[in-house]
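Listed here are the chains, written in short residue letters.
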Amino acid sequence: MMRQGGRSDEEIVMFLKVFPCSKNFNHDFAACFDTHPGDKARRRCLLQHSYSSKMCPEMKHTGSCSRGDDCHMTHSLYEYWLHPQRYRTKMCKDAKGCSRPFCFFAHHESELRAPTAAPQSPARYSDTIARAGGKASSSMAAAAPEASQQSHMPHIPAPPTPGK
């Protein structure tokens, strides 16, 4: 099913804010599918960094993680809500009034997805990764404390505190 700018849910889950933008002109970074320098939405590629849908307690409490990209947990709100186990598994509180270019939530019951595991077969996406020069983003370059992420995206619920 095609959504949000003609992209499938699978493409959004796998590649939204993963690869560096190659556009050579001024444009709206928030509406751009790719990531930009200093972008708080930057994510690790699930095909290159296998991480769960659980928020990293170290990242949540300190704003950084000693394991870096090797951590097996999410490091940002974008990694958390765009994980295949969370993306569009809940309804958007704004529903039909939602004006976000990319929304993590369903706007109609037909858009609700069943949670799925992260992909295990990168071969299926090798052309996409090759077209981007194999340069998926590192979330660590854009890691910021949770408070600044929440003020940047007040409409997005914060991940629950691990262990609580």
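In what follows, the structure referred to is the one given above.
Below is a short write-up of the structure. Fair warning: this is a prediction, and the values are worked out from it, not measured in the lab.

A few words now on the overall build of the protein chain. Each helix and strand counted, the protein chain has five helices and two strands in total. Its helices and strands taken in sequence order, the protein chain reads β-β-α-α-α-α-α from the N to the C terminus. The 164 residues of the protein chain split such that 44% are buried. Per element, the accessible surface of the protein chain, about 8,700 Å² overall, is 53% carbon and sulfur.

The tally for this structure, following the rule as stated, stands at six salt bridges. In this structure, the salt-bridge partner of Asp9 is Arg88, at a minimum N-O distance of 3.5 Å. On the criterion of sequence distance, the pair formed by Asp9 in helix α1 (residues 9-15) and Arg88 in the loop between α3 (77-81) and α4 (126-131) is long-range, its members being 79 residues apart. For the pair formed by Asp9 and Arg88, the shared burial category is buried.

Let's shift gears to the environment of Leu16. Tracing the backbone through its elements, the reader meets Leu16 in the loop between α1 and α2 (57-62). Take Leu16: its relative accessible area is 1%, and that puts it in the buried class. Note: C-alpha distance between Leu16 and Leu82 (66 residues apart in sequence) is 8.2 Å. Sequence-distant contacts of Leu16, defined by excluding residues within four places in its chain, comprise Glu11, Phe33, Arg43, Leu82 and Phe102.

With that settled, consider the packing of aromatic side chains. Geometry of an aromatic ring pair is reported as the spacing of the ring centres plus the angle between the planes. If you walk through the whole model with that rule in mind, you get six aromatic pairs. Both rings, one in Phe33 and one in Phe102, keep their centres 5.9 Å apart while their planes meet at 65°; by these two values the pair is edge-to-face. In this pair, Phe33 sits in the loop between α1 and α2 while Phe102 sits in the loop between α3 and α4, placing the two residues 69 residues apart along the sequence. According to the relative accessible area criterion, Phe102 is buried, its value standing at 15%. A connected cluster of aromatic rings, assembled from ring pairs, spans Tyr78, Tyr80, Trp81, Phe104 and Phe105. A cation over a ring is seen here: Arg7 above Phe33, with NZ or CZ 3.6 Å from the ring centre.

This part is about the environment of His49. With respect to the helices and strands, His49 occurs in the loop between α1 and α2. C-alpha of His49 to C-alpha of Cys71: the two residues are 22 residues apart in sequence and 8.3 Å apart in space. Contact partners of His49, with chain neighbours within four places excluded, come to Arg44 and Asp69. Of the polar contacts made by the side chain of His49, one reaches the backbone oxygen of Asp69; its length is 3.3 Å.

Basis of the calculations
- Residue numbers run consecutively from 1 along every chain, following the written order of its sequence.
- With pLDDT at 70 or above as the cut-off, local features in this predicted model cover only qualifying residues; side-chain atom pairs require 80 or more to be listed or tallied, and sums for whole chains, interfaces and linings still use all residues.
- Each side-chain value is worked out from all heavy atoms of the structure, with water and hydrogens disregarded.
- Numbered from the N terminus, helices here are DSSP runs of H or I no shorter than four residues, and strands are runs of E no shorter than two.
- Residue burial is assigned from relative accessible area. The probe radius is 1.4 Å, only protein chains are included, and a residue is buried under 20% of its type maximum, exposed over 50%, and partly exposed in between.
- Areas reported as accessible are Shrake-Rupley estimates using a 1.4 Å probe. Residue values count occlusion only from the protein chains shown.
- Should a side-chain nitrogen of Lys or Arg be within 4 Å of a carboxyl oxygen of Asp or Glu, the pair is scored as a salt bridge.
- Contacts between residues were defined by any pair of non-hydrogen atoms, one from each residue, lying within 4.5 Å.
- Centres within 6.5 Å make a pair out of two Phe, Tyr or Trp rings, where for Trp the six-membered ring is used; the pair is then stacked when the planes are under 30 degrees apart, edge-to-face when over 60, and tilted otherwise.
- Put simply, a charge is over a ring when the Lys NZ or the Arg CZ is close to the ring centre, within 6 Å, and near the line of the ring normal, within 35 degrees.
- In protein, a polar contact requires one atom able to donate a hydrogen and another able to accept it; more generally it is a pair of N or O atoms within 3.5 Å, and residues adjacent in sequence count only if both atoms are side-chain atoms.

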